[in-house]
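As a plain string of letters, each chain reads:
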Amino acid sequence: AQSVSQHNHHVILSEAASLELGCNYSYGGTVNLFWYVQYPGQHLQLLLKYFSGDPLVKGIKGFEAEFIKSKFSFNLRKPSVQWSDTAEYFCAVNANDYKLSFGAGTTVTVRA
Amino acid sequence: DAGITQSPRHKVTETGTPVTLRCHQTENHRYMYWYRQDPGHGLRLIHYSYGVKDTDKGEVSDGYSVSRSKTEDFLLTLESATSSQTSVYFCAIRPDDDGEQFFGPGTRLTVL
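Cut-off values and rules
Residues numbered from 1 in each chain as written. Chains lettered and ligands numbered in written order. Predicted model: local features only at pLDDT ≥ 70, side-chain atom pairs only at ≥ 80, totals over all residues. Heavy atoms only, no water. Pairing = 2+ DSSP bridges. Helix = DSSP H or I, 4+ residues; strand = E, 2+ residues; numbered from the N terminus. Axes fitted to C-alpha atoms, helices over the stretch in contact; angles between N-to-C directions. Disulfide = S-S within 2.5 Å. Buried < 20%, exposed > 50% of the residue type's maximum accessible area, 1.4 Å probe, protein only. 1 Å grid on protein atoms, 1.4 Å probe; cavity = no way out; pocket = protein on both sides within 12 Å on 5 of 7 lines; lining within 4 Å. Points joined across faces, edges and corners; volume = space filled by probe spheres on them. Contact = heavy atoms within 4.5 Å. Buried area = accessible area lost by both parts, 1.4 Å probe. Salt bridge = Lys/Arg side-chain N within 4 Å of Asp/Glu carboxyl O. Polar contact = N/O pair within 3.5 Å; in protein donor to acceptor, adjacent residues only side chain to side chain. Nonpolar A, V, L, I, M, F, W, Y, C, P; charged D, E, K, R; others polar.

**Q** Help me get a handle on the sheet that holds strand E8 (residues 73–78) of chain B, residues and values and all.
**A** All names here are of chain B. Taken together, the four strands give an open sheet; going across it, the order is E1-E3-E8-E7, and neighbouring strands pair in antiparallel fashion. One side of each edge strand has no neighbouring strand; the edge strands of this open sheet are strand E1 (4–7) and strand E7 (64–70). With direction set aside, neighbouring strand axes in the sheet form an average angle of 20 degrees.

**Q** Lay out the state of the cysteines with the relevant residues and their values.
**A** Taken as a whole and judged by the stated rule, the model has two disulfides over all chains. Paired through a disulfide, Cys23 of chain A and Cys91 of chain A show a sulfur-sulfur distance of 1.9 Å. A torsion of -70 degrees about the S-S bond marks the disulfide between Cys23 of chain A and Cys91 of chain A as left-handed. Here Cys23 of chain A, found in strand E4 (residues 23–25), pairs with Cys91 of chain A, found in strand E10 (residues 87–94); they are 68 residues apart in sequence, far enough to count as distant. Just as Cys23 of chain A is buried, Cys91 of chain A falls in that class too. For Cys23 of chain B, the disulfide goes to Cys91 of chain B, at an S-S distance of 1.9 Å. Between Cys23 of chain B and Cys91 of chain B, the S-S torsion sits near -70 degrees, and that sign places the bridge as left-handed. A residue pair is termed long-range when its members are at least 10 positions apart, and Cys23 of chain B in strand E3 (residues 19–25) and Cys91 of chain B in strand E9 (residues 87–94) qualify at 68 residues.

**Q** Describe the layout of surface pockets, naming the residues involved and giving the relevant values.
**A** Of the voids in this model, the largest pocket is the one considered here, and its volume is about 450 Å³. Around the largest pocket sit 26 residues that line it, and Gln38 and Gly41 of chain A together with Gln37, Val88 and Arg108 of chain B are the ones nearest its centre. Looking at the lining of the largest pocket, the elements that each hand over two or more residues are E10 and strand E12 (106–111) of chain A together with strand E4 (31–38), E9 and strand E11 (107–111) of chain B.

**Q** Outline the interface of chain A and chain B, supporting the account with residue identities and numerical values.
**A** By a frequent convention, interface size equals the accessible area lost on bringing the separate parts together. At the junction of the two partners, chain A supplies 20 residues and chain B supplies 19 residues. Overall, the association of chain A and chain B removes approximately 1,600 Å² of surface from exposure, summing both partners, and the carbon and sulfur fraction of that is 56%. Along the contact surface separating chain A from chain B lie one salt bridge. Glu100 of chain B is paired through a salt bridge with Lys49 of chain A; the nearest N and O atoms lie 2.5 Å apart. The interface formed by chain A and chain B contains five residue pairs in polar contact (both at pLDDT 80 or more). Mapped onto the side of chain A that touches chain B, the elements with two or more residues apiece are strand E5 (32–38), strand E6 (45–50) and E10 of chain A. Among the elements that make up the side of chain A that touches chain B, the one with the highest residue count is E5 of chain A (four residues). Tallied by class, residues from the side of chain A that touches chain B come to ten nonpolar, six polar and four charged.

**Q** Break down the side chain of Gln101 of chain B for me, citing the residues and quoting the values.
**A** Take Gln101 of chain B: it is sitting in the loop between E9 and strand E10 (102–103). Those residues in contact with Gln101 of chain B, other than ones at most four positions away along the chain, are Tyr36, Tyr98, Lys99 and Leu100 of chain A together with Tyr33, Tyr35, Ala92, Ile93 and Arg94 of chain B.

**Q** For the pairing of E1 of chain B, give the residues involved together with the corresponding values.
**A** Residue and element names in this part refer to chain B. Residues Ile4 and Gln6 of E1 are buried on one face, while the alternating residues Thr5 and Ser7, pointing to the opposite face, are not. When E1 meets E3, the two strands line up antiparallel, connected through four bridges. Among the inter-strand pairings, Ile4 is bridged to a residue of E3, identified as Gln25.

**Q** Account for the environment of Trp83 of chain A, with residues named and values stated.
**A** All names here are of chain A. Mapped onto the elements, Trp83 comes out in the loop between strand E9 (73–78) and E10. The class of Trp83 is exposed, set by a relative accessible area of 55%. When the C-alpha atoms of Trp83 and Leu13 are compared, they prove to be 9.5 Å apart, with 70 residues separating the residues in sequence. Excluding residues that lie within four positions of it along the chain, Trp83 makes contacts with Glu15, Val110 and Ala112.

What follows is the structure, encoded as structure tokens:
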């Protein structure tokens, strides 16, 4: 079974700092990759997704992610965070079946 | 907004009582999913459906059953609730073949 690992459980940073969240998966075949965000008290919303092509994917709100196939990684980045980026972030993998496998999530706290 | 509603949004119940959560979609998508979200575990798949009366188990299906008698409704039942089933439950739909899922607002269930 595929698994998804998110390296950081909780990240605390100040406004304008850069953010990078790690995500690794275990499946060796073709995958579709996703980053979701969950703001406090809300449901999950899609930040960005990768299916094929350019491994650098740009999403909403200034987020981007890079797919590195050789490292089975899909790390999320944002050059300059805002207080409103405080949320929980989930990496997810779809491996050509009907399901998504999620990482455990990373809580990001941005201090004003 | 992917046209997904969940009811109830909050419920407190006692151990041993049956509980049914409802997920309703307005767009007649084939695939529907039930997840539970717990701190440190991300989202874990309970059951999913790939059509009317077609369902299958996810990774944490013990103690849960589902039914789908209409395309638009996917019910999750806890036959005899236990305290370990205290969680936030999310329903999701999958519109396309790329694996992306859209999530409902969630139901917070507390089992005393």
